[in-house]
Amino acid sequence: MVTKLSHTSLLVSDQDKAYDFYVKKLGFSVHTDATMDNGFRWLTVTAPEAPDHEIILFPATSKTNGFDQDVRDALQLLLDKGVMGAGVLQTNDCRATYEELKAKGVHFKSEPKEQFYGIECIVTDGCGNWFSMTQPKQ
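Residues numbered from 1 in each chain as written. Predicted model: local features only at pLDDT ≥ 70, side-chain atom pairs only at ≥ 80, totals over all residues. Heavy atoms only, no water.

Enquirer: Talk me through the packing of aromatic side chains; I want residue IDs and the actual numbers.
Expert: This model, assessed by the stated rule, comprises 7 aromatic pairs. Relative to phenylalanine 28, the ring of tyrosine 22 lies with its centre 6.1 Å away and its plane at 45 degrees, an arrangement referred to as tilted. The same class applies to tyrosine 22 as to phenylalanine 28, namely buried. On the basis of an interplanar angle of 80 degrees and a centroid distance of 6.3 Å, the ring pair of tyrosine 22 and phenylalanine 131 is categorised as edge-to-face. One end of the pair, tyrosine 22, is in helix α1 (residues 15-25); the other, phenylalanine 131, is in strand β8 (residues 129-136), and 109 residues separate them in sequence. (Phe/Tyr/Trp six-rings, centres within 6.5 Å; stacked < 30°, edge-to-face > 60°. Buried < 20%, exposed > 50% of the residue type's maximum accessible area, 1.4 Å probe, protein only. Helix = DSSP H or I, 4+ residues; strand = E, 2+ residues; numbered from the N terminus.)

Enquirer: Tell me about the sheet that holds strand β6 (residues 113-115), and name the residues and values.
Expert: Sheet architecture is open: 4 strands sit in the order β5-β8-β7-β6, paired in mixed fashion. Two strands close off the open sheet at either side, each with one partner strand: β5 (84-90) and β6. Adjacent strand axes in the sheet meet at a mean angle of 35 degrees, parallel and antiparallel pairs treated alike. Pairing analysis gives 3 bridges linking β6 to strand β7 (residues 118-124), with the strands arranged antiparallel. Among the inter-strand pairings, glutamine 115 is bridged to a residue of β7, identified as glycine 118. (Pairing = 2+ DSSP bridges. Axes fitted to C-alpha atoms, helices over the stretch in contact; angles between N-to-C directions.)

Enquirer: Break down the sheet that holds strand β2 (residues 29-35) for me, citing the residues and quoting the values.
Expert: Strand order in the open sheet formed by 4 strands is β1-β4-β3-β2, with mixed pairing between adjacent strands. Strand pairing shows two members of the sheet lacking a second neighbour, β1 (7-12) and β2, which therefore form its edges. On average, each strand axis in the sheet is tilted by 25 degrees relative to the strand beside it, whichever way the strands run. Pairing of β2 with strand β3 (residues 41-47), which is carried by 6 bridges, proceeds in the antiparallel orientation. Looking across to β3, one finds that valine 30 is bridged to valine 45. Each of β1, β2, β3 and β4 (50-59) touches α1; the most contacted strand, β3, lies at about 15 degrees to it. (Contact = heavy atoms within 4.5 Å.)

Enquirer: I'd love a proper account of the layout of surface pockets, names of residues and values included.
Expert: One simple way to see leftover space: roll a probe sized like a water molecule over the atoms. Volume-wise, the largest pocket comes out at about 800 Å³. Around the largest pocket sit 27 residues that line it, and Phe28, Ala47, Pro48, Leu89 and Gln90 are the ones nearest its centre. Of all the elements in the fold, those that place two or more residues in the lining of the largest pocket are β1, α1, β3, β4, β5, α3 (94-103) and β8. Counting residues per element, the lining of the largest pocket draws most heavily on β5, at 5 residues. (1 Å grid on protein atoms, 1.4 Å probe; cavity = no way out; pocket = protein on both sides within 12 Å on 5 of 7 lines; lining within 4 Å. Points joined across faces, edges and corners; volume = space filled by probe spheres on them.)

Enquirer: Any chance you could break down the nonpolar core for me, citing the residues and the numbers?
Expert: Core analysis: the largest hydrophobic core is formed by 24 residues, its most contacted members being Tyr22, Leu57, Phe108, Val123 and Met133. It is α1 that provides the largest number of residues to this core, a total of 4 residues. Among residues more than four places away in sequence, those in contact with phenylalanine 108 are Tyr98, Leu101, Lys102, Cys121, Ile122, Val123 and Met133. (Core = buried A, V, L, I, M, F, W, Y, C linked by side-chain atoms within 4.5 Å.)

Right, here's the structure in full:
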């Protein structure tokens, strides 16, 4: 029986840049940062309130990731265009978090706006992914 989803991969164009965004700007914790024998860097982070769910910052365009060149090129195109929608980042105060992250240099596609499900803005990680950052409605 499957009991939970323990890891989720985010394809990123640059692991160092992703590290900066997720750890230094969002405040996630590094769970694992190790280099394998073939040079592949296994980098996982966890959100403050989800320490048992590792997010793999997967190097989509690295020659050590197991993908062939055609796949790496296709992923690079998608990441360069910033079209990899990755999910929802939940916050207790969308407007305050927006201002805090904006002051840290985080790029947003939209400002906080009231939606039927709460307050939402769209944030990018600078590595090809965008997220809904949402304060759920009470």
